[in-house]
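Close look at the chain arrangement
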Amino acid sequence: MFKAMKFGLVGNDVSKSFSKLIHDLFSNDKYLLLSLKSDEFETFMNKKEFIGLNITKPYKKDVIKYLDELDDIASITKSVNTVINCNGRLIGYNTDYYGLKYLLMKNKVDVEGKTIAILGTGGVSSTVEFVLNELNAKKIYKVSRNKNVDFITYSDLQKKNIEVIINATPRGMNEKSFRPLFNLKKINGLETVIDLIYNPLNSLLLQEASKLPIKTINGLDMLIEQARVAEELFQNKEIDINENDKVYKKVLDKNLNIALIGMPYSGKSTIGFKLSQVLHKDFTDIDMFVEADCGLKIKQFIKEKGEKAFRREEHKKIKFISFQNNEIISCGGGVVLNKSNMNLLKQNSIIVYLRRDIDLIKFDNSRPLSSNKNDYLKLLKEREKLYEMYADVIVDNNETVEFAVSEIVREYYEIINN
């Protein structure tokens, strides 16, 4: 029924997890990802056919009933994310505790004397509360959709003075839960927003927070450190904590997308395909994606159904691809006209604006909205400021394709290594 495993991650859906890559970097042992429904999880735990496990949502609390022993932190937090099989005796640990402490330390977040809001009621939230109390937070609000004696609502949250917000919910991990449940701008005194989500790397919550003069942090540091501590348990030996930085950069390199924006004729498709070969990433051309799905060339699609219909199809494709990893994405020239498109792309992508001097362009009838110089200049006037506003990097494509690609690669690694 299940793959035989020595080590691995078990959860309801672990298909998007970075854990395999991280554990593979810390160890030579084979590490598997296993998505299990609740009845399958019960069977799997009772069989005990593993040496070491990591546990993720929604089983961090449920797993406890299958265990023979808990370490002190797991016992207090009632949350387990690591299980060791000692000759049939299952021992549960909470390495999320070490992960969160490391995240706070590395990012210089001092919670002592601070008022903090924890979003969510799942297995991680109890660990977050324990760490914050241990580090002498002044006041902790636990936030849920439903108010009770232990939790305030998201509406209540907006009326409080909060210095640090920590999101311990999965909201924002997929397109079905993209929108946040509250308005950050209504919260007074906010200094830091931490989203324990790591995929996407730059959730909408963090994007909204980045518009304010505050610190924003995702959950990747926590994920890596909890994995390092788990591997120490798996391997029964110490692993240098300085390895975390190397792992962090490798994880970024293997999961970040590059989204190319810019005017028609700027070379996005050509450069994007070459870039995918150099960086060993998948390549997706959004226009070609729409064409393949709709069975029409873009020019014909717009002629028959109109530009608005095309923009709707374009948005659907952006929504899908933005939750993927390790992609080079060539976007249509008008992608920047929809703010939601760019919010989606910014979740996992470095945005590169490709520019090309108009004197180097040979216009043709294949581009329905810019088949001549006058139409092109009109579009450029409408879009140029948007390209510049959304871009993380601006690259001129006025020499060879190879030169433009090398410039993007250089900028890409500079971002990863800083």
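Residues numbered from 1 in each chain as written. Predicted model: local features only at pLDDT ≥ 70, side-chain atom pairs only at ≥ 80, totals over all residues. Heavy atoms only, no water.

Focus: the side chain of threonine 82
Our working rule: Numbering of helices and strands runs from the N terminus; a helix is a DSSP stretch of H or I covering at least four residues, while a strand is a stretch of E covering at least two. In this scheme, a residue with accessible area under 20% of its type's maximum is buried, one over 50% is exposed, and one in between is partly exposed, where area comes from a 1.4 Å probe on protein chains only. Distance and chemistry together define a polar contact, namely a pair of N or O atoms within 3.5 Å, with one atom able to donate a hydrogen and the other to accept it when in protein, and with adjacent residues in sequence counting only for side-chain atoms on both sides. By the convention used here, residues are in contact when the closest approach between their heavy atoms is within 4.5 Å.
When you line up the elements, threonine 82 lands in strand β5 (residues 82–86). Taking relative accessible area as the criterion, threonine 82 reaches 0% and is therefore assigned buried. Within polar-contact distance, the side chain of threonine 82 engages the side chain of asparagine 54 at 3.2 Å. Within the structure, the side chain of threonine 82 is placed 3.5 Å from the side chain of asparagine 81, a separation counted as a polar contact. Once you skip the residues sitting within four places of it in the chain, threonine 82 turns out to touch Leu53, Asn54, Ile55, Ile91, Gly92, Tyr93, Thr95, Ala230, Leu233 and Phe234.

Topic: the pairing of strand β6 (residues 89–93)
Spelled out, the test is: Whether two strands pair depends on DSSP finding at least two bridges between them.
Most of β6 sits out of view: four of its five residues are buried. Of the strand pairs in this sheet, strand β4 (residues 69–70) and β6 are connected by two bridges, and their pairing is parallel. Its bridge partner being in β6, glutamate 69 is matched across the sheet by isoleucine 91. With five bridges connecting them, β5 and β6 associate as antiparallel partners. Following the sheet pairing, isoleucine 84 is matched in β6 by isoleucine 91. With antiparallel pairing between neighbouring strands as the criterion, β5 and β6 make up a hairpin whose turn holds two residues, including asparagine 87 at a positive phi of roughly 55 degrees.

Some remarks on the sheet that holds strand β7 (residues 115–119)
Where we set the bar: Every axis corresponds to a line fitted to the C-alpha atoms, with the helix fit spanning only the stretch in contact, and the corresponding angles, defined between N-to-C directions, vary from 0 to 180 degrees.
With parallel pairing, the five strands of this open sheet are ordered in space as β8-β7-β9-β10-β11. Each having just a single partner strand, β8 (139–143) and β11 (215–218) make up the two edges of the open sheet. This sheet shows a mean twist of 15 degrees between the axes of neighbouring strands, independent of strand direction.

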